[in-house]
Structures are given as C-alpha cells and as structure tokens.
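An overview of the molecular structure
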Amino acid sequence: AMAKLQQLDAYSWRLPREGGMRCDGVVYADAELVRALEGDGTLGQLRGVASLPGIQGPALAMPDAHQGYGFPIGGVGAFDPHEGVVSPGGVGYDINCGVRLLRSRLSAQELGEPRLIALADALAASVPAGVGAGGAHQLGDKELSRILEQGAAWAVGRGQGTAADLEFCEAGGALPGADSAAVSQRALQRGRGQAGSLGAGNHFIELAVVEEVYDQRAAEAFGLSQGLLVLWLHSGSRGLGHQVCDDYLKRLAKDPDALRPPDRQLIAAPPDSPVGRDYLAAMAAAANFAFNNRQLLAQACREVLGRVLGLGPAGLGLGLVYDVAHNVAKREKHQVEGKEKELIVHRKGATRALGPGHPELPGRYRAVGQPVLIPGDMGTASYVCVGTAAAMAHTFASAAHGAGRAMSRTQAKKAARGRDLRAELAARQVVVRAASGKTLAEEMPEAYKDVDQVVRVMHGAGIATLVARTKPLAVVKG
Ligand code: 5GP
Ligand code: MN
Ligand code: MN
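Residues numbered from 1 in each chain as written. Chains lettered and ligands numbered in written order. Predicted model: local features only at pLDDT ≥ 70, side-chain atom pairs only at ≥ 80, totals over all residues. Heavy atoms only, no water.

A short note on the overall build of the protein
Formally: Think of it this way: any DSSP run of H or I at least four residues long counts as a helix, any run of E at least two long counts as a strand, and we number them from the N terminus. For a compact globule the rule gives 2.2 Å times the number of residues to the power 0.38, and the radius of gyration it is set against comes from C-alpha atoms. What makes two residues a contact is simply this: any of their non-hydrogen atoms within 4.5 Å. Note on areas: Shrake-Rupley, 1.4 Å probe, and residue coverage restricted to the protein chains presented here. Working convention for charge: Lys and Arg count positive, Asp and Glu count negative, and His plus the chain ends are omitted. To locate a charge, the coordinates of NZ of Lys, CZ of Arg, CG of Asp or CD of Glu are taken.
The secondary structure content of the protein amounts to 17 helices and 17 strands. Over its C-alpha atoms the protein spans a radius of gyration of 21 Å, differing by no more than 12% from the 23 Å that the globule rule assigns to 478 residues. Oriented by its inertia axes, the alpha-carbon framework of the protein measures out at about 60 × 50 × 50 Å. Contacts in the protein between residues far apart in sequence, at least 24 positions, make up 76% of those at least 6 positions apart. If you sum the accessible surface of the protein, you get close to 17500 Å²; carbon and sulfur atoms cover 51% of it. Across the protein, 52 positive and 48 negative side-chain charges occur, with their mean positions spaced 3 Å apart.

Here's what the structure looks like:
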C-alpha cells in the first residue's frame, strides 16, 4: 500500500515521494477535507502528476481538489520547459474556463426583489445558455481566427468594452503563441456560432451583494465595499476548447513523441516536440476564445442591466475587478531555489494568485496582490481573496478555484429527488433561472464542498487571504 498523507501543519499535508514519483505532493486541506479526498482518486492522480518527467516539485492539490481527468481538479503541476511535459489532462476539457467579477455602482439593498427578478429574466432571455447553445455572434473564418489570436481584445476592438477591461484580465486577456492553424476544422466549426454564449450547468451569471469585507485595503483597491451589487460570470471556451482537448488526446495516442504514463489520462508530450508545440498553440487559441467569450458576456450583462435599470454606463459602473483563468497551462517565471526560472505551469481547476509587487499586476493592484476569485455555489456564498508572497514561494502563485464538487452529477440528481430546489433557494432569498431542471439538481448547494471551509484553509495556509464575501441574489445557470 502507498504511504498516507503526513500532516505538515494545520492546513497542509505531504504526500511522500515513493514508487515512480519524482517529487513530493503537497495537499492544502484541513482534516475533514482530507477525508473527502482520500475517498476518491485525487491522491492517486496527484502521485501520477508527481511522476511525470521534469516536474518542478511539489505537485499540488488545493482545498477544493477532487478527482478529474488525468490531473485532479484543484491540481497544479509546474514543469521544466525542456525536460518536462505539457499534458491536456493538466488543463482540462474546458480550456480557460474562468471567472470574471464586475463591480457596480449600485447598492444591492436599493435594488429590491422585483427588479432582481426582472434582471434575472432579462439575463436569462438575452444570454444564450445551455449545452450546444449558439452564441450572439456568427463568425466567418477570418474573424474566428482573429479571436483565437487576439482574445478579449477582439471584442474591445469592436466596441464591446474598453481598454480598462483588458488591463484587468490575466495575461491581458490573450495568451501569447496562439495559432488557429493548430486548431482543427471541427473545433473551428464548433466555435463559429458560440462566441458570446454561457455554456451549460456549472457556468453562470450571478448578481450578488458584498456582505462582508475582511481586508479593507485590498477591498478598496479592488473597488469593493459592503452592500455593493457585484456580478460574477463563469464561462469557458465552449465546444471549441472541448474539441481541441479531444483532438490532441487522440493525436497524442498515436504520436511517437508522446509520453505514456501508467495512467493513460496523463498522456503528455515534451513542450518542444511538434505535437507539444501544436497543443500549446491550439490551447492558447482556445484560451483566447474563452477570454473573448467572457468579454462578450460581460458586455451583454452591461447592456441588459443598463436597459432594465434605465442606467447609462456611468450610473451602472460594472467595471471589471478581474478575469482569471482556472483551466490552463502557461509559461511563467517563478523563483526556483533563489533563481528565476521559466516553467510551464498547469492549473487545472486552480487559480493564479500573484502576490504584491508582481510586475504583471495592474498598477492599481500592484501593492496589494491579485484578486483571487473563488465562486462557492448558487445558494451560499463566493469569495474574493488576494494572492500572497507565500503563494509565489510555495504554490507557483496558485490557489483554489471554487468550492469544488462534493458530489458527482449523478449523486446530486439522486439527492435532489423529490425536492423543490427552486423553493429551497427562494427561502434563501436567491432568484434562480436555469436552462434545465436537471441543472438545478446537479448544481444544488450541497453538490459542492463548503466554500467557507475551502477559503479558511487558503487563508490559514496563507496562499490567498480573505478580502470579501458575497452572497448570491439572482443566478442564471447555463
Ligand atoms: P468548475 O469550473 O470546476 O465547474 O466550477 C468552479 C466553481 O464554481 C465550482 O467549484 C463551484 O464552487 C462554483 N460554482 C458552481 N456553480 C456556481 C453558482 O451558480 N454560483 C456560484 N457563486 N458558484 C458556483
Ligand atoms: Mn470553471
Ligand atoms: Mn467550464
């Protein structure tokens, strides 16, 4: 039997190197969360990640970790760009799934329930959502390849947003090195009609109120204050990204340069092999489709709120707090044994969490650190945290990406049988609109871990500290 986790301190655990592992794993969790992840395949998957060549240890699991495809969701693996690997299972099917938070200039209390309902209805009516839903934009080949290369700047260049929006996106809203020629015709075909669409189930638009502020200074920098109405948006690269992942898993299965670990889901390639390079170029293209998608969605939200509330941009606000990816592999520079080194950092259901002073942060946040956006669930809460020097020293500047699933979709549907979830949410003062009834069951609050507990671990471990908690008011689910 493999060794168990060894507790390092209140919030972190060592998964000792053994067998084929090339480094330790480290898990951020409390005792209760550890029990949950010992019950699924998370630790075995973390051992698999730690066994990949060129890993810059440790392999990491965040407090929201659970079993995924290849890497655990909530997993982070950083690799040497030459000796290491890039793995589609370390990014996930929804390439650059991510979260965006916008702040309004409105007090949530003044809004009142009738207008919240009107907003939920208008958002649900105006934003294409659900599996396979078409987008607001039908694109020709030229425009689509421009999106894949420009990311969110494509939308901004067409009047859908401002330059400030780009400043407050991770990587400025576009990963470098994207190449639409590395994206298959089938993937392009799936993306053609989906720009500006939300996607299914776990993706959402949520109006929420800032109910508590823990870190005045960071909250002020992020433009957040108690009582403020904010808008969360969670979406990714839709069918295009999914197809890119699928295509490269298939190509890798036949490619002579592929590395085939015992867990076949961890199939990978050297980043500078032809297939590795092509995957990175296609992944960046899909990531840019997602950045642009969130930009178009944010702009659609601005229009809907403005129309329903009869407010212009100045009265409404809806400035971007931040946009962060949580399914991506990126070339980033990190301190390794006192020296700066370029690494390929896979964050699979994990959020970048840059600490104060990092040159990639917008000037307005430079002194406090990066907003770390942690959605919880549609009935409980979500958190804004801030990245730290400890994250840069210990987690390749990474933190959790949400509460993380506690139940599979099938388990959740079973647990929801015979219940009126809409009424349960209404009792919590949450208006909810879902593309399907199945979504409500799969996405009910108990289907997710306790977000309060997940952020307590991150705060306690010091990798992302608390800034503010928001409570959902109206949620439009995909
Ligand atoms: P994922 O990308 O892994 O599906 O989801 C990210 C996180 O979003 C989940 O782990 C969950 O905690 C959170 N989440 C899912 N649905 C909702 C929602 O409707 N509202 C909020 N605030 N969070 C959600
Ligand atoms: Mn996501
Ligand atoms: Mn997604």
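A few points about the environment of Ala435
For Ala435, the position within the fold is in the loop between β16 (431–434) and α16 (437–442). Each C-alpha atom of the pair Ala435 and Ala124 lies 8.2 Å from the other, and the pair is 311 residues apart in sequence.

A word on the coordination of the manganese ion (ligand 3)
Quick reminder of the rule: For Na, K and Ca the donor cut-off is 3.2 Å; for every other metal, N, O and S atoms count as donors within 2.8 Å. Water does not enter the count, which can leave sites looking incomplete. Note on classification: 1.4 Å probe, protein chains only; a residue is buried when its accessible area is under 20% of the maximum for its type, exposed when over 50%, partly exposed between these limits.
Around the manganese ion (ligand 3), the protein supplies Asp94 (OD), Cys97 (SG) and His203 (NE2) as donor atoms, at distances of 2.1 to 2.3 Å. Written as a sequence motif, the donor arrangement for the manganese ion (ligand 3) is D-x2-C-x105-H. Relative accessible area serves as the criterion here: at 4%, Cys97 is assigned to the buried category.

Digging into the pattern of salt bridges
To be explicit about the condition: Throughout this description, the term salt bridge denotes a Lys or Arg side-chain nitrogen within 4 Å of a carboxyl oxygen of Asp or Glu.
The final tally for this structure, using the stated rule, is 27 salt bridges. With its nearest N and O atoms 2.9 Å apart, the salt bridge here joins Glu424 to Arg419. When its relative accessible area of 34% is taken as the criterion, Glu424 is described as partly exposed. Exposure remark for Arg419: the relative accessible area of 30% places this residue in the partly exposed category. In the salt-bridge network here, residues are joined through shared partners; they are Glu170, Lys330, Glu332, Arg347, Arg352 and Glu360.

Considering the sheet that holds strand β1 (residues 6–9)
How we decide: In this scheme, strands are said to pair when DSSP sees at least two bridges between them. Axis lines are fitted to C-alpha atoms, over the contacting stretch for helices. Their N-to-C directions set the angle, which ranges from 0 to 180 degrees.
The strand order β1-β2-β3-β4-β5-β11-β10 describes an open sheet built from 7 strands, whose pairing is mixed. Here the strands that pair on one side only, and so sit at the sheet edges, are β1 and β10 (327–336). This sheet shows a mean twist of 25 degrees between the axes of neighbouring strands, independent of strand direction. By the bridge criterion, 4 bridges tie strand β2 (residues 12–15) to strand β3 (residues 25–28) in an arrangement that is antiparallel. Of the residues in β3, the one forming a bridge with Leu15 is Gly25.

Some remarks on the coordination of the manganese ion (ligand 2)
Bound to the manganese ion (ligand 2) on the protein side are Cys97 (SG), His234 (NE2) and His326 (NE2), at distances that span 2.1 to 2.3 Å. Each donor residue of the manganese ion (ligand 2) lies on the same chain, and together they follow the pattern C-x136-H-x91-H. In this structure, the manganese ion (ligand 2) is positioned 3.6 Å from the manganese ion (ligand 3), and both are ligated by Cys97. You can see Cys97 sitting in the loop between β5 (73–79) and β6 (98–107) and its partner His234 sitting in strand β8 (residues 228–235), a full 137 residues away along the chain.

Comments concerning unusual backbone geometry
Going from Gly57 to Pro58, the amide bond is cis rather than trans, its omega being -5 degrees. Following the sequence through the fold, Pro58 ends up in strand β4 (residues 55–66). Its identity as a non-glycine residue notwithstanding, Leu318 has a phi of 55 degrees, on the positive side. Residue position: Leu318 is located in strand β9 (residues 317–325). The phi dihedral of Ala397 is positive, around 55 degrees, even though this residue is not glycine. Take Ala397: it is sitting in the loop between α13 (389–394) and β15 (398–400).

Notes on helix α8 (residues 185–192)
Here is the rule we go by: Starting at the helix axis, one direction is taken to each C-beta atom, and the arc is that of these directions.
For α8, the full list of buried residues reads Ala187, Leu188, Gly191 and Arg192. Buried residues of α8 fall within an arc of 140 degrees about the axis and therefore sit on the same side. Exposed residues lying more than 90 degrees from the buried face of α8 are Gln185 and Arg186. Residues of α8 that are buried in the fold lie against α5 (141–150), α10 (238–254) and α11 (274–309).

Examining the site of ligand 1
Using the following cut-off: Nearness here has a simple test: a residue counts as near a molecule or strand if at least one of its heavy atoms is within 4 Å of that partner. Think of a polar contact as two N or O atoms within 3.5 Å of one another; within protein, one of them needs to be a possible hydrogen donor and the other a possible acceptor, and neighboring residues in sequence only count if both atoms come from side chains. Under the scheme applied, nonpolar residues are Ala, Val, Leu, Ile, Met, Phe, Trp, Tyr, Cys and Pro; charged residues are Asp, Glu, Lys and Arg; polar residues are all the others, including Gly.
Taken together, 19 residues lie around ligand 1, and Asn202, Glu206, Gly376, His401 and Ala403 are the ones closest in. Contact between ligand 1 and Asn202: an oxygen atom at 2.6 Å from a side-chain N or O atom of the residue. Taking Glu443, its side chain carries an N or O atom lying 3.5 Å from a nitrogen atom of ligand 1. Grouping the amino acids of the shell around ligand 1 by side-chain chemistry returns 7 nonpolar, 8 polar and 4 charged.

Considering the pairing of β1
With 3 bridges connecting them, β1 and β2 associate as antiparallel partners. Residue Gln6 lies in a different strand from β2, and its bridge partner there is Arg14. The hairpin formed by β1 and β2 contains 2 residues between the paired strands.

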